[in-house]
Amino acid sequence: MEVHAQLKTKTKLFCGCSTQFGAAPNTNICPVCTGQPGALPVLNQVAVEFAIRMGLALNCTINVQSIFARKNYFYPDLPKGYQISQFDKPLCENGRIDIALASGTKRIGVTRIHLEEDAGKLLHQGAASIKGATHSLVDLNRACTPLIEIVSQPDIRSAEEARLYVEKIRSILVFLGICDGNMEEGSLRCDANISIRPLGSSQFGTRTEVKNMNSFRAVEQAAISEIARQKEVLLSGGAIVLETRNYDDESGQTTSMRSKEEAHDYRYFPEPDLLPLGVDAPWLAQIKSSQPKLPDQIRHELQVAQLPESDIVQLLNDPQRLHYFEAVCAGRTLPVKKVANWVLGDLSALANEGKFSFTQPSVSPAHMADLVALVEAGTFSGKLAKEILPDLLQGKSPHEVIALKGVKQIGNDADLIPFIEQAIQSNPGPLEQYKNGKTSVAGFFVGQVMKATQGQAKPDVVNRLVREVLDRS
Ligand SMILES: [Zn+2]
């Protein structure tokens, strides 16, 4: 697999133009990224840092010195006539990544990660695609935006493994905060080099390169259909042609695009306008020490904290939500499952309605932690906690809400006993069950009392009193 990830830098790889997506065509451009004579590239340090972060996350060797190279070819979206990339001395090499299969963990080697610039975009006019178009427009906003290309070893053995590999790469990129991982907008693109061989053979067969897979599902489906196609060709006595093939999401099939170019066709040579890229030890150490936690480590920690697997999966799918969850739990001894219930339940529902944001939370993690702690301590009920949530959304703390609203907690025995006696009198059936030894019925009476007091009774006191009153009834 070759995965191209667009780095989330503010500016482009070799100039100060903005990388913002969706700007009017040809507004984020300058002499450097449009290839004007005499314009010289200046390397973006943050892009290098991001590439190193991915290299560290994939256990790569970070090369102290790497070289930028010109990859020469013509296409209208490439104004310089070459792409600045890295060739024989990339920034990161010899990494690995583990994917989880039903049969256990599988390790996939990572050959290299290198930095390169993206090309512009062609907009074909007069038809839905280049086929039948009358003319094409060029938008160079994307030209020179930073990419990393992550190349795996030929270790992937099935369509499912290919999908799991890309999913894992994406989650690491997103957790590192260096790529938004949006496959539909093209900030994450992947190509699959696919070959098959007779069982027992150690020699790889001739490969084809499949492009244009815009989702995880497409990666898997493209591999399934390409493997089937190659099998059919070989079994009917034909030969696989080294070529680039296009994946069509609608038909689920690949079709021939062009004969495959090889590295020597591009006439790579060292980029004369850029010095060799040096990474010194103090900088590397600084990047290492500020690496964020990766999904595998977070998963392990949440498993140790005994959070159910379904909650872990939901949290890992959404880093912003996870960060909020971690902030609520940070430095406090709270029941993690209760925190997860708030985050994945009420707060997520509000977020879906646009009434709450995990990135700029109106209920601060500290206030949420207070709320969970107050319920846990039995100071007030879960029902009441839910009722005061709208006030918390206004930025108030749980303690302030209690003070302001005069939310009274009924906590003394004398006030609560009449409610309990009333509940018992109105429910002779459950009382009978209790007397016959079914003590779990006490929970039913607790519920009745909480209802009658509109959630204002202190749950821990009610729990104790209900049993006392039942026992003497
Ligand atoms: Zn520019």
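Because the structure is a prediction, the values reported are computed rather than measured. (Residues numbered from 1 in each chain as written. Predicted model: local features only at pLDDT ≥ 70, side-chain atom pairs only at ≥ 80, totals over all residues. Heavy atoms only, no water.)

### Description of the packing of helix α7 (residues 319-329) against helix α9 (residues 365-376)
- It is at 8 Å that the axes of α7 and α9 come closest, and there the two elements cross at 60°. With respect to α9, the element α7 is oriented oblique. As α7 runs across α9, the sense of the crossing is right-handed. Facing Y324, A327 and V328 of α7, the residues of α9 in contact are P365, M368 and A369.
- By residue class, the composition of the contact of α7 with α9 is six nonpolar, no polar and no charged. (Axes fitted to C-alpha atoms, helices over the stretch in contact; angles between N-to-C directions. Helix = DSSP H or I, 4+ residues; strand = E, 2+ residues; numbered from the N terminus. Parallel < 35°, antiparallel > 145°, perpendicular 65-115°, else oblique. Left-handed = near helix turned anticlockwise from the far one by under 90°. Contact = heavy atoms within 4.5 Å. Nonpolar A, V, L, I, M, F, W, Y, C, P; charged D, E, K, R; others polar.)

### What to know about the side chain of N44
- Summarising the element assignment, N44 is placed in the loop between β1 (2-6) and α1 (45-57).
- Take N44: its relative accessible area is 10%, and that puts it in the buried class.
- From its side chain, N44 meets the backbone oxygen of T11 in a polar contact 3.2 Å long.
- In this view, N44 contacts T9, T11, K12 and L13; residues no more than four positions away in its chain are not counted. (Buried < 20%, exposed > 50% of the residue type's maximum accessible area, 1.4 Å probe, protein only. Polar contact = N/O pair within 3.5 Å; in protein donor to acceptor, adjacent residues only side chain to side chain.)

### So, the sheet that holds strand β12 (residues 208-213)
- Strands sit in the order β2-β6-β7-β10-β1-β11-β12-β13-β14 across an open sheet of nine strands; the sheet is mixed. Taken across any chain shown, the strands that pair with only one partner, and hence form the sheet edges, are β2 (61-62) and β14 (253-259).
- Relative to β14, strand β13 (residues 243-248) runs antiparallel, the two sharing six bridges. When the bridges of β14 are listed, R245 appears paired with S256. (Pairing = 2+ DSSP bridges.)

### Considerations on the coordination of the zinc ion
- Within the protein, the zinc ion binds to C15 (SG), C17 (SG), C30 (SG) and C33 (SG); these donor distances fall in the range 2.3 to 2.4 Å.
- For the zinc ion, the four donor atoms in the first shell make angles of 101 to 113° at the metal, a pattern classed as tetrahedral.
- Within one chain, the residues donating to the zinc ion are spaced in sequence as C-x1-C-x12-C-x2-C. (Donors = N, O, S within 2.8 Å, 3.2 Å for Na, K, Ca; no water. Tetrahedral: all angles 85-135°; square planar, octahedral: opposite > 155°, others 65-115°.)

### Remarks on the packing of aromatic side chains
- With the rule as written, the count across this model stands at eight aromatic pairs.
- Ring geometry for Y324 and F358: centres 5.5 Å apart, planes at 65°, overall edge-to-face. Here F358 lies in the loop between α8 (336-352) and α9 and Y324 lies in helix α7, a separation of 34 residues in the sequence.
- With a relative accessible area of 2%, Y324 lands in the buried category.
- Ring centres of F444 and F445 lie 5.2 Å apart, and the angle between their planes is 75°; on these two criteria the pair is classed as edge-to-face.
- For F445, a relative accessible area of 1% corresponds to the buried category.
- In textbook terms, an aromatic cluster arises when at least three aromatic residues are bridged by ring pairs, as seen for Y73, F87, Y266 and Y268.
- The ring of Y266 has K71 sitting right over it, with the charged end atom 4.4 Å from the ring centre. (Phe/Tyr/Trp six-rings, centres within 6.5 Å; stacked < 30°, edge-to-face > 60°. Lys NZ or Arg CZ within 6 Å of the ring centre and 35° of its normal.)

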